[in-house]
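# Summary of structural features
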Amino acid sequence: MSSDAEKRKQISVRDIADVENVSTLKKYFNRHLHFTLVKDRNIATRRDYFSALALSVRDNLVSRWIRTQQYYYEKDPKRIYYLSLEFYMGRALQNTMLNLGIQSACDEAMYQLGLDIEELQEIEEDAGLGNGGLGRLAACFLDSMATLGLSAYGYGIRYEYGIFVQRIRDGEQIEEPDDWLRFGCPWEKARPEYMIPVNFYGRVVDISSGKKWVDTQIVYAMPYDNPIPGYGNNVVNTLRLWSAKSPVEFNLKFFNDGDYIQAVLDRNLAENISRVLYPNDNNFEGKELRLKQEYFLCAASLQDIIRRYKASVGPNASESRKSLDSLPDKVAIQLNDTHPSLAIPELMRILVDLEGLSWDKAWDITRRICAYTNHTVLPEALERWPVTLFENMLPRHLDIIYKINYLHLQDVIAKYPGDLDRMRRMSCVEEDGEKRINMAHLSIIGSHVVNGVAFIHSEIIKRDIFKDFYEMTPEKFQNKTNGITPRRWLLLCNPALADLISDKIGEEWMTRLDQLQRLKQFVKDPAFQRNIQKIKQENKFKLAKLLEDDYGVKINAYSMFDIQVKRIHEYKRQLLNCLHVITMYNRIKANPKGNFVPRTVLIGGKAAPGYYMAKKIIKLFNYVGKVVNNDPAIGDRLKVIFLENYRVTLAEKIIPAADLSQQISTAGTEASGTGNMKFMLNGALTIGTLDGANVEMAEEAGHENFFIFGMTVEEVEELQKTKYDALKYYKANPELKLCVDQIQNGFFSPAKPEEFKDIADVLLKWDRFYTLADYDSYMKCQDKVNETYLDQEKWIEMAIMNIASSGKFSSDRTIQEYAEEIWGVKPSWEKLPAPHETINKN
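Just so it is clear, the structure is predicted and the values come from calculations on it, not from any experiment.

## Thoughts on the overall build of the protein
Scanning the protein from N- to C-terminus turns up 35 helices and 23 strands. Taking 28 Å as the expected radius of gyration for a compact globule of 842 residues, we find that the protein reaches 28 Å, a close match to that expectation. Counting only C-alpha atoms, the protein reaches 90 × 75 × 65 Å along its principal axes. Counting only residues that meet the buried cut, the protein has 61% of its 842 residues in that class. Across the protein, contacts joining residues at least 24 apart in sequence account for 77% of those joining residues at least 6 apart. Of the charged side chains in the protein, 109 are positive and 116 negative; the average position of the first set lies 2 Å away from that of the second.

## Thoughts on the sheet that holds strand S15 (residues 436-438)
Spatial strand order, S13-S15-S14: 3 strands in an open sheet with antiparallel pairing. On the outer flanks of this sheet lie strand S13 (384-386) and strand S14 (429-430), each paired with one strand and no other. Relative to S15, S14 runs antiparallel, the two sharing 2 bridges. Among the inter-strand pairings, Glu-430 is bridged to a residue of S15, identified as Arg-436.

## With respect to the packing of helix H23 (residues 526-551) against helix H34 (residues 792-804)
Where H23 contacts H34, the axes come no closer than 10 Å and their chain directions differ by 85°. Regarding the angle of H23 to H34, the classification is roughly perpendicular. In this structure, H23 contributes Phe-528, Gln-529, Ile-532 and Gln-533 to the contact, and H34 contributes Gln-792, Glu-793, Ile-796, Glu-797, Ile-800 and Ile-803. Here the residues of the contact of H23 with H34 are counted per class, giving 5 nonpolar, 3 polar and 2 charged.

## Here we look at the UniProt feature "modified residue: N6-(pyridoxal phosphate)lysine" (unreviewed entry) in the protein
Under the UniProt annotation, "modified residue: N6-(pyridoxal phosphate)lysine" (unreviewed entry) lies at Lys-678. Position of Lys-678 among the secondary structure elements: in helix H27 (residues 675-681). Owing to a relative accessible area of 7%, Lys-678 belongs among the buried residues under this scheme. Residues within four places of Lys-678 in sequence aside, it is in contact with Arg-136, Ile-484, Trp-489 and Ile-655.

## A look at the confidence of the model for the protein
Per-chain confidence: the protein averages 93 in pLDDT, with 94% of residues scoring 70 or above. When the criterion is pLDDT under 50, residues 1-14 qualifies, and its contacts beyond four places in sequence or with other chains add up to 26 contacts.

## With respect to H23
With 26 residues, H23 should reach 38 Å at 1.5 Å per residue; the first-to-last C-alpha distance of 36 Å fits that figure. Residues Phe-528, Gln-529, Ile-532, Ile-535, Lys-536, Gln-537, Asn-539, Lys-540, Leu-543, Ala-544, Leu-546 and Leu-547 constitute the buried set of H23. At the N-terminal boundary of H23, the capping side chain belongs to Asp-525, with an oxygen 2.9 Å from the backbone nitrogen of Ala-527.

## A look at empty space enclosed by the protein
Empty space among the atoms becomes apparent when a probe as large as a water molecule is rolled across them. For the structure shown, the criterion picks out 4 cavities of 30 Å³ or more. What lines the largest cavity is a set of 13 residues, and nearest its centre among them are Lys-566, Gln-663, Ile-664, Ser-665 and Glu-670. Looking at the lining of the largest cavity residue by residue, the class counts come to 1 nonpolar, 8 polar and 4 charged.

## Focus on a negative patch on the surface
A surface patch of like charges, here negative, comprises Asp-107, Glu-108, Asp-116 and Glu-118. If you trace the backbone, Glu-118 turns up in helix H6 (residues 117-123).

## Concerning the environment of Ile-369
Position of Ile-369 relative to the elements: it lies in helix H14 (residues 359-369). For Ile-369 and Gln-334, which are 35 residues apart along the polypeptide, the C-alpha to C-alpha distance reads 8.4 Å. If near-sequence neighbours (up to four positions away) are discounted, Ile-369 is found in contact with Leu-327, Pro-328, Val-331, Ala-332, Ile-333, Leu-347 and His-448.

## Some remarks on the sheet that holds strand S21 (residues 660-663)
Strands sit in the order S20-S19-S18-S21-S22-S23 across an open sheet of 6 strands; the sheet is parallel. In this open sheet, the two strands that pair with only one neighbour each are strand S20 (638-643) and strand S23 (707-708). Two elements, strand S19 (residues 599-604) and S20, share 6 bridges in a ladder whose sense is parallel. Bridging from a neighbouring strand, Ile-603 pairs with Phe-642 of S20.

## Some remarks on the pairing of strand S18 (residues 560-565)
Of all 6 residues in S18, 6 are buried, a share of seventy percent or more. Side chains of S18 alternate between two faces, with Met-560, Asp-562 and Gln-564 and Phe-561, Ile-563 and Val-565 buried alike. Bridging between S18 and S19 involves 6 bridges; their strand directions are parallel. Bridging from a neighbouring strand, Ile-563 pairs with Leu-602 of S19. In terms of strand pairing, S18 meets S21 through 2 bridges, oriented parallel. Its bridge partner being in S21, Ile-563 is matched across the sheet by Ser-661.

## Let's talk about the nonpolar core
Membership of the largest hydrophobic core comes to 280 residues, with the highest contact counts inside it found for Met-145, Phe-200, Phe-296, Trp-509, Leu-638 and Trp-823. By residue number, the principal contributor to this core is helix H10 (residues 288-311), which donates 11 residues. Residues in contact with Phe-296, not counting those within four places in the same chain, are Ile-157, Val-198, Phe-200, Val-219, Tyr-220, Ala-221, Trp-242, Ser-243, Ala-244 and Ile-273.

## Here's the deal with the pattern of salt bridges
A complete count under the given rule lists 65 salt bridges for this structure. Residue Glu-355 pairs with Lys-310 through a salt bridge whose shortest N-O separation is 2.7 Å. A residue pair is termed long-range when its members are at least 10 positions apart, and Glu-355 in the loop between helix H13 (343-354) and H14 and Lys-310 in helix H10 qualify at 45 residues. By relative accessible area, which is 29% here, Glu-355 ends up partly exposed.

## Describing the packing of helix H7 (residues 133-147) against helix H35 (residues 811-823)
Remark: H7 packs on H35, axes separated minimally by 9 Å, with the N-to-C direction vectors making an angle of 75°. Relative to H35, H7 is oriented roughly perpendicular. Contact residues: H7 offers Cys-140, Phe-141, Ser-144 and Met-145, while H35 offers Ser-811, Asp-812, Thr-814, Ile-815, Tyr-818 and Trp-823. For the contact of H7 with H35, the residue count by class is 6 nonpolar, 3 polar and 1 charged.

## A word on the packing of aromatic side chains
Evaluated as defined, the whole model comprises 24 aromatic pairs. On the basis of an interplanar angle of 55° and a centroid distance of 6.3 Å, the ring pair of Tyr-585 and Phe-747 is categorised as tilted. Taken together, the residues Tyr-585 in helix H24 (residues 574-590) and Phe-747 in the loop between helix H31 (734-745) and helix H32 (757-766) connect sequence positions 162 residues apart. Look at Phe-747 and you get partly exposed, because its relative accessible area is 39%. Three or more aromatic residues joined by ring pairs form one cluster here, namely Tyr-82, Phe-87, Phe-141, Tyr-818 and Trp-823. Lying over the aromatic face of Trp-829, Arg-512 brings its terminal NZ or CZ to 3.8 Å of the ring centre. Lying over the aromatic face of Phe-164, Lys-606 brings its terminal NZ or CZ to 5.3 Å of the ring centre.

## Overview of unusual backbone geometry
For Tyr-201, which is not glycine, the phi dihedral falls at a positive 60°. A positive phi angle is found at Tyr-770, which is not glycine, with a value near 55°. Tyr-770 gets classed as buried once you look at its relative accessible area, which sits at 8%.

## Some remarks on H10
With 24 residues, H10 should reach 34 Å at 1.5 Å per residue; the first-to-last C-alpha distance of 34 Å fits that figure. Of all 24 residues that make up H10, 18 are buried, and the element is covered over most of its length.

## A look at the environment of Lys-536
One can find Lys-536 in helix H23. Overall, Lys-536 belongs to the buried group, its relative accessible area being 11%. Excluding residues within four positions of it along the chain, Lys-536 makes contact with Ile-655, Pro-656, Ala-657, Ala-658, Asp-659, Asn-682, Gly-683 and Ala-684. A polar contact is formed between the side chain of Lys-536 and the backbone oxygen of Pro-656, at a distance of 3.1 Å.

## Here we look at the environment of Arg-512
Assignment of secondary structure puts Arg-512 in the loop between helix H22 (495-505) and H23. Overall, Arg-512 belongs to the partly exposed group, its relative accessible area being 30%. Measuring from C-alpha to C-alpha, the distance between Arg-512 and Thr-388 comes to 50 Å, with 124 residues separating the pair along the chain.

Quick notes on the rules
Residues numbered from 1 in each chain as written. Predicted model: local features only at pLDDT ≥ 70, side-chain atom pairs only at ≥ 80, totals over all residues. Heavy atoms only, no water. Helix = DSSP H or I, 4+ residues; strand = E, 2+ residues; numbered from the N terminus. Rg over C-alpha atoms; globule rule 2.2 N^0.38 Å. Buried < 20%, exposed > 50% of the residue type's maximum accessible area, 1.4 Å probe, protein only. Contact = heavy atoms within 4.5 Å. Lys, Arg positive; Asp, Glu negative; His and termini not counted. Charge placed at Lys NZ, Arg CZ, Asp CG, Glu CD. Pairing = 2+ DSSP bridges. Axes fitted to C-alpha atoms, helices over the stretch in contact; angles between N-to-C directions. Parallel < 35°, antiparallel > 145°, perpendicular 65-115°, else oblique. Nonpolar A, V, L, I, M, F, W, Y, C, P; charged D, E, K, R; others polar. UniProt positions renumbered as here; feature names shortened; annotations may be inferred. pLDDT = per-residue confidence, 0-100. Expected span 1.5 Å × (residues − 1). Polar contact = N/O pair within 3.5 Å; in protein donor to acceptor, adjacent residues only side chain to side chain. 1 Å grid on protein atoms, 1.4 Å probe; cavity = no way out; pocket = protein on both sides within 12 Å on 5 of 7 lines; lining within 4 Å. Points joined across faces, edges and corners; volume = space filled by probe spheres on them. Patch = residues over 30% accessible without salt bridge, like charges linked within 9 Å, V, L, I, M, F, W, Y side chains within 5 Å. Areas by Shrake-Rupley, 256 points an atom, 1.4 Å probe, with all protein chains shown as cover. Salt bridge = Lys/Arg side-chain N within 4 Å of Asp/Glu carboxyl O. Core = buried A, V, L, I, M, F, W, Y, C linked by side-chain atoms within 4.5 Å. Phe/Tyr/Trp six-rings, centres within 6.5 Å; stacked < 30°, edge-to-face > 60°. Lys NZ or Arg CZ within 6 Å of the ring centre and 35° of its normal.

Next comes the structure, spelled out in structure tokens:
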């Protein structure tokens with residue numbers, strides 16, 4: 001803030017609650033308890049109180065929501081459509097109160113009613129709409145698009161069951177259904193009036209005007225709208241989720257001819273499309289239901305987008321606006337990975353078959369509208385659908401893809417005459433073995449921009465996996481480094497730190513995260529350092545209590561909290577972390593009186609149900625933890641806890657308490673990461689490889705404020721050219737050899753000596769991620785971590801530098817770049833009038 005006067009003008013979400021707002025909220029709360037839930041205080045449960053509070057908060061959203069949509073209709077801006085199979089939203093109640101600026105009023109209202117708002121917040125289920133990074137990024141982007149005042153819509157699927165609830169039994173992951181909708185969702189609004197038919201199967205026939213898709217099976221897509229409030233600007237955008245509904249009609253004759261039961265069962269089969277979210281194990285498998293989900297999302301969303309475009313045309317619009325010629329000026333579609341890539345042939349089908357446009361005109365419109373974000377460099381994770389599946393389920397789309405590919409290859413051969421191998425490499429249709437459609441290639445061909453999600457990732461896709469495409473159309477390729485919303489990942493989850501920052505530099509950082517740079521002036525301020533340390537310690541006390549309550553393990557709250565939380569996958573190298581834990585254990589056992597820096601190692605994440613090795617890694621960590629935590633010689637110098645059922649809500653408790661963040665993937669395998677950014681923003685230091693966004697984070701904070709180890713991308717590529725010999729590293733390092741031998745020989749599983757032999761075999765024989773090659777560098781770096789932690793003044797200085805350097809990693813910055821450089825719109829940062837104020841129509 002430039003002056004105290006300007007500071008007073010700012011509206012803080014932490015202001016003292018307004019008496020009138022408190023009174024109104026109490027009135028809303030009692031009204032919903034009585035008239036919506038039909039309960040009184042004598043019989044109401046805590047869940048009823050949560051529902052009444054959520055509905056009261058939703059009442060504060062509704063007028064803003066309607067106002068926002070009216071404003072978009074009147075202004076007719078270019079609309080942004082973000083298509084994603086996942087939106088990992090977490091809980092909505094606290095985030096909504098915070099963004100609306102009514103958190104204090106709600107807190108006071110509940111207090112006056114004799115209720116604890118924190119207890120009520122704990123009742124809310126995490127929305128089961130995502131797996132991890134890709135879905136959480138989509139959620140952060142929605143928050144930023146609303147905060148920046150963009151006319152934006154998210155489109156996804158309303159999964160009845162989320163990925164799964166993870167339980168740990170005898171160290172093993174057990175999957176239980178994530179029935180997150182069993183008590184309903186207070187935020188969503190069903191919109192049956194906008195139900196849309198989606199076609200599957202059938203056949204294609206020639207007609208005078210072209211092609212027609214006939215004899216299809218229809219499933220209806222029922223929309224459920226969820227409000228997405230911007231921060232402090234009265235903007236409320238929409239996340240529209242589709243639920244599959246059967247079109248089967250019943251009549252009384254079924255009761256007589258015995259087919260009624262079968263008809264009901266057939267109806268349920270159609271509705272399976274939106275029944276469950278597929279776990280992401282970075283290993284693509286061509287399952288028919290998954291392809292159905294992808295097309296279901298694209299077909300429903302595209303029809304809805306065209307409907308909204310036509311509905312927005314006023315009577316005084318130009319002729320081009322009334323036609324579809326202006327579609328690229330009013331519509332931008334972002335494909336979040338290849339999952340929604342069927343939007344490209346679906347839009348072509350709509351424009352050519354239904355709207356009667358010429359192929360060339362439709363193709364020009366489609367390419368100008370669509371843009372594609374790539375999220376992975378792992379070849380096995382790229383979607384490749386069997387042609388036989390397409391022929392059966394989406395025959396018209398296969399025709400369209402073949403034509404897109406034919407015309408694309410004509411362009412390739414025109415530019416590179418005679419280069420048949422390049423044609424083969426760049427084709428959408430792969431013919432080595434089973435004939436398949438390469439969806440990444442389709443996404444690149446059908447989009448006007450392709451972007452990676454961190455600088456190093458974008459460079460890898462240009463020089464490696466999409467090298468041919470980059471050479472042919474370099475102007476298409478961009479980088480958009482990921483970001484996180486500072487509202488949820490600091491203001492909401494770490495309010496004490498947020499308050500301290502605001503006291504020092506004002507509140508502008510909440511929407512202008514680059515303002516955190518101003519904290520650098522306090523890096524060596526002893527009072528500021530003490531406050532940062534005190535807040536971190538208080539967060540550690542809270543987490544220590546939660547761990548003792550939930551896991552029965554008493555930990556040293558003054559130990560270093562060393563945390564790795566992310567999806568369990570070999571490329572993320574949880575095994576490297578485990579080798580370090582075992583090494584620490586062995587060192588303490590060998591020198592019980594030694595001076596060791598106490599550590600509490602926390603690891604969390606889900607393994608895909610069919611991913612054998614990932615589930616073995618979870619079991620190994622739990623077995624190692626059992627040995628370590630129960631060894632009296634170790635005491636509280638080392639504790640190991642596997643965090644059951646890691647999710648957004650748990651992350652909000654863990655991240656503020658972290659001292660050390662483990663981001664240790666093999667260089668060149670992690671596209672970006674966003675967990676690394678959340679830890680950085682909350683003052684944890686990172687130990688990591690130069691992979692994904694780690695590279696830019698280290699550049700921003702200074703390499704001296706990061707713990708960097710391991711091979712670079714270039715060194716990994718060089719190692720790939722030779723035959724990687726894991727045994728060389730195993731034999732050369734006695735500490736490493738002991739760790740692997742203990743895993744292999746049943747030291748941690750004496751009742752089942754062979755339990756973890758497969759893990760040892762992978763490490764020594766088949767490890768594609770070179771875990772043992774980086775072990776020595778990792779251990780030396782961990783020794784440096786210990787040395788630095790002993791110098792708390794230096795550690796806190798480094799933590800402050802990390803917080804102050806986090807500004808680049810706001811999703812607001814990322815979305816602003818998408819808006820201006822891909823979608824062709826400028827964020828308005830506009831604050832709409834509050835519901836009681838008049839909209840200025842000028």
